Amino acid sequence: MSNRTGLEAEAINRLTDGVEPPEIRAILVQCLAGEVAPSTAVARMLSEKGPVIVRAAIDDVTHRAATISRASDMLVQDRVDELTQVFVEHVADLADVSDASKTRPGSEAKRRDRGDPEERASPGSEFGDHGGPRTSE
């Protein structure tokens, strides 16, 4: 094993030590070692566990990379950054698909009638209740 490989393995262990669940940690280790592309790692992690668990694991590793990494860990830090970016993009794509599937027939016409076609419901306000008159459908 070369010195660089040893330093890289040490950095990966530092960044992923204690990450739960173990199957997510194993995928993270493979990704940070460069054995699996970040997009593949994200897809595999999401197939194993839900986005909340995957995000928590990635956030944990990202936080560790920002706070405990050493100067010699730059390659691993770059992989963490790329993994984080791919996850954010992937989840945004999933959210777009989810939002589109939640659109009810006629809801677009109602938004046009109110004069706010670009408006989205705020978090916690799934049906876009803006204090206006309520009607039943």
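Just so it is clear, the model here is predicted, and its values are computed rather than measured. (Residues numbered from 1 in each chain as written. Predicted model: local features only at pLDDT ≥ 70, side-chain atom pairs only at ≥ 80, totals over all residues. Heavy atoms only, no water.)

Draft legend 1. Highlighting the environment of Ile68. Looking at the element boundaries, Ile68 is found in helix α4 (residues 51–68). On the accessibility criterion, Ile68 (38% relative accessible area) is partly exposed. Beyond its immediate chain neighbours, meaning those up to four positions away, Ile68 contacts Arg14 and Leu15. (Helix = DSSP H or I, 4+ residues; strand = E, 2+ residues; numbered from the N terminus. Buried < 20%, exposed > 50% of the residue type's maximum accessible area, 1.4 Å probe, protein only. Contact = heavy atoms within 4.5 Å.)

Draft legend 2. Molecular detail of the packing of helix α2 (residues 22–32) against helix α3 (residues 38–48). In the contact formed by α2 and α3, the axes pass within 10 Å of each other and the chain directions differ by 175 degrees. Considering their axes alone, α2 and α3 lie roughly antiparallel with respect to each other. Contact residues: Glu23, Ile24, Ile27, Leu28, Gln30 and Cys31 in α2; Pro38, Ala41, Arg44, Met45 and Glu48 in α3. Of the residues belonging to the contact of α2 with α3, the class tally is 7 nonpolar, 1 polar and 3 charged. (Axes fitted to C-alpha atoms, helices over the stretch in contact; angles between N-to-C directions. Parallel < 35°, antiparallel > 145°, perpendicular 65-115°, else oblique. Nonpolar A, V, L, I, M, F, W, Y, C, P; charged D, E, K, R; others polar.)

Draft legend 3. Looking closely at the packing of α2 against α4. Between α2 and α4, the shortest axis-to-axis distance is 11 Å and the interhelical angle comes to 50 degrees. Taken together, the axes of α2 and α4 lie oblique to each other. For the element pair α2 and α4, the recorded crossing hand is right-handed. Counting all contacts with α2, which are made through Ile24, Leu28 and Leu32, the residues of α4 involved are Val54, Ala57, Ile58 and Val61. (Left-handed = near helix turned anticlockwise from the far one by under 90°.)

Draft legend 4. Layout of the nonpolar core. Leu28, Met45 and Leu83 are the most contacted members of the largest nonpolar core, which has 24 residues in total. Contributions of two or more residues to this core are made by α1 (3–16), α2, α3, α4 and α5 (74–102). Beyond its immediate stretch of four places on either side in the chain, Leu83 contacts Leu28, Cys31, Pro38, Ala41, Val42, Met45 and Ile58. (Core = buried A, V, L, I, M, F, W, Y, C linked by side-chain atoms within 4.5 Å.)

Draft legend 5. Geometry of α3. Three or more residues of α3 are buried, namely Pro38, Ala41, Val42, Met45 and Leu46. For α3, the angular spread of buried residues about the axis comes to 125 degrees, placing them on one side. (Arc of directions from axis to C-beta.)

Draft legend 6. Highlighting unusual backbone geometry. Residue Glu20 is joined to Pro21 through a cis peptide bond whose omega torsion reads -5 degrees. Within the secondary structure layout, Pro21 lies in the loop between α1 and α2.

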